Amino acid sequence: MATDAPPPAKTGAPLPTTEAFIEMQESAEFGELRSSHRSFAFPLTVGFILWYLLYVLLSNYAGDFMGTKLFGNINVALVLGLAQFLTTFLIAWWYSRHAASQLDPKAAAIKSRMEGGA
């Protein structure tokens, strides 16, 4: 697929060496960035998977409970199913805020240093 876009401009700055990448990866600054990401993302991922599995297990083994009508034709299964979507969007929004305030500034500093800007 051809495009009319020109190739990226050459900045003239040399690319970091493999050794520079390894050195940065082993640095405390990068470790802090990785730790900040993991301490936020992993618990939320585990929590959401458990929440999803609870919904699936209730759907399979607690049919009477899930079929309980709350009002009109709305039952527990529908409410919990819609809550799955709601929690997905809330987690994405929360992670976006966390990344913008905690991860992106640290990553930008590392990138700038690796590209020779600092």
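Anything mentioned here points back to the structure above.
Definitions and limits used
- Residues numbered from 1 in each chain as written.
- Predicted model: local features only at pLDDT ≥ 70, side-chain atom pairs only at ≥ 80, totals over all residues.
- Heavy atoms only, no water.
- Salt bridge = Lys/Arg side-chain N within 4 Å of Asp/Glu carboxyl O.
- Helix = DSSP H or I, 4+ residues; strand = E, 2+ residues; numbered from the N terminus.
- Buried < 20%, exposed > 50% of the residue type's maximum accessible area, 1.4 Å probe, protein only.
- Expected span 1.5 Å × (residues − 1).
- Bend = angle between axes of the 7 residues up to and from the residue.
- Polar contact = N/O pair within 3.5 Å; in protein donor to acceptor, adjacent residues only side chain to side chain.

Peer 1: Please explain the pattern of salt bridges as it appears in this structure.
Peer 2: Across all of its chains, the model carries three salt bridges by this definition. Among the ionic pairs, arginine 113 bridges to glutamate 29, the shortest N-O distance being 2.5 Å. Separated by 84 residues along the polypeptide, arginine 113 in helix H4 (residues 76-114) and glutamate 29 in helix H2 (residues 28-61) bring together distant segments of the chain. Look at arginine 113 and you get partly exposed, because its relative accessible area is 37%. What makes glutamate 29 partly exposed here is its relative accessible area of 30%.

Peer 1: Explain H4 to me, please; I cannot follow it from the model alone.
Peer 2: Every α-helix carries 3.6 residues per turn, so stepping three or four residues along brings you back to the same face. Here H4 contains 39 residues, and its C-alpha end-to-end distance of 53 Å stays within 8% of the 57 Å for a straight helix at 1.5 Å per residue. Largest kink in H4: about 45 degrees, centred on alanine 99. Along H4, the residues classified as buried are Val76, Ala77, Leu80, Gly81, Gln84, His98, Ala99, Leu103, Ile110 and Met114. By the N-cap criterion, in which a side-chain oxygen at the helix start approaches the backbone nitrogen of a residue two or three places on, H4 is capped by asparagine 75, the distance to alanine 77 being 3.3 Å.

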